[in-house]
Amino acid sequence: MRVHRSGTTLAGAALAALALLLPLAGPAGAAPDAGARQAPARGTAHMGAGVLAHDGRGDASGGASVQAVQTEGVDVSSHQGNVAWSTLWNSGVRWAYVKATEGTYYKNTSFAQQYTGSYNVGMIRGSYHFATPDTTTGAAQADYFVDNGGGWSKDGRTLPGVLDIEWNPYGATCYGKTQAGMVAWIRDFLNRYKTRTGRDAVIYTATSWWTQCTGNYSGFGATNPLWVARYASTVGELPAGWAYYTMWQYTSSGPTVGDHNHFNGDLSRVQALANG
């Protein structure tokens, strides 16, 4: 067997070269793109799921009309399970939103404890729907929402439903829709929700997503209250069409429940929204 001047056999050199290449292929059985982010399971999305990844956390430029008094609220989903509502109430939280549905395929498994528990402790509460515009129509999802916890009654303690429209955790940011197509889908949802409940739904979104995926459409500001997501010391620029926000999700790292929100006004304004 011929030997290299270094003393390494040809067979040994081949094995060494192969060893250098193996790490590039990743662990045995792994997909070629094993390091890429895998989409979470359907149904696991929650309000604000994409805010930190896309907008980060920090100071916000610009500003919006803010009342002198803000009323503290929280939003929850199945991720929180059974919520310590008394603890939140004692910390000053006076209103809550609970995830009810997603698409036309998922209902929050903790909805009953969260929706009833917040009410029983004295809070004004409502429910939200995580939109997936790539799966079914806006009208179909509004019906699914209303039929599974998203309804409204004028009891002074029930807030209108929320359309949570934001980054797609399962795929393309704008759910494969053009800006015009996204606006049409949102309108379809809002129209059906109002037909079913008599109320204009609240729109939850982030300015950056709204700008990218609707072209910063301004046509809903006159009818649909805005709940804006921005994890910063100020709310920053709002989506077009809204001169002020109704609610602001300002953090995902609260002490008892992560997602905390300011209502732009005192408790009487929360009650006014509940009463319609």
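Everything below is about the structure printed above this text.
Here we summarise the structure given alongside this text.

Rules used in this analysis
- Residues numbered from 1 in each chain as written.
- Predicted model: local features only at pLDDT ≥ 70, side-chain atom pairs only at ≥ 80, totals over all residues.
- Heavy atoms only, no water.
- Disulfide = S-S within 2.5 Å.
- Helix = DSSP H or I, 4+ residues; strand = E, 2+ residues; numbered from the N terminus.
- 1 Å grid on protein atoms, 1.4 Å probe; cavity = no way out; pocket = protein on both sides within 12 Å on 5 of 7 lines; lining within 4 Å.
- Points joined across faces, edges and corners; volume = space filled by probe spheres on them.
- Nonpolar A, V, L, I, M, F, W, Y, C, P; charged D, E, K, R; others polar.
- Core = buried A, V, L, I, M, F, W, Y, C linked by side-chain atoms within 4.5 Å.
- Buried < 20%, exposed > 50% of the residue type's maximum accessible area, 1.4 Å probe, protein only.

### Things to note about the state of the cysteines
Right, on to step 1. Across all of its chains, the model carries 1 disulfide by this definition.
Right, on to step 2. Across a sulfur-sulfur distance of 1.9 Å, C174 and C213 are joined as a disulfide pair. Torsion about the S-S bond of the C174 and C213 cystine: about -75 degrees, corresponding to left-handed handedness. Placement of the pair is C174 in the loop between β5 (162-164) and α6 (179-197) and C213 in helix α7 (residues 207-214), with a sequence separation of 39 residues.

### Some details on the layout of surface pockets
Over the atoms, a rolling probe the size of a water molecule traces out where space has been left empty.
Right, on to step 1. A volume near 410 Å³ is recorded for the largest pocket.
Right, on to step 2. Along the walls of the largest pocket sit 20 residues, with P225, Y244, T246, R269 and L273 positioned nearest its centre.
Right, on to step 3. Sorting elements by how many residues they give to the lining of the largest pocket places helix α8 (residues 267-275) first, with 3 residues.
Right, on to step 4. Class assignment of the residues belonging to the lining of the largest pocket gives a composition of 10 nonpolar, 8 polar and 2 charged.

### Considerations on the nonpolar core
Right, on to step 1. One finds W85, Y97, I165 and I186 to be the most contacted residues of the largest nonpolar core, which totals 64 residues.
Right, on to step 2. Among the elements that line this core, the one with the most residues is α6, at 7 residues.

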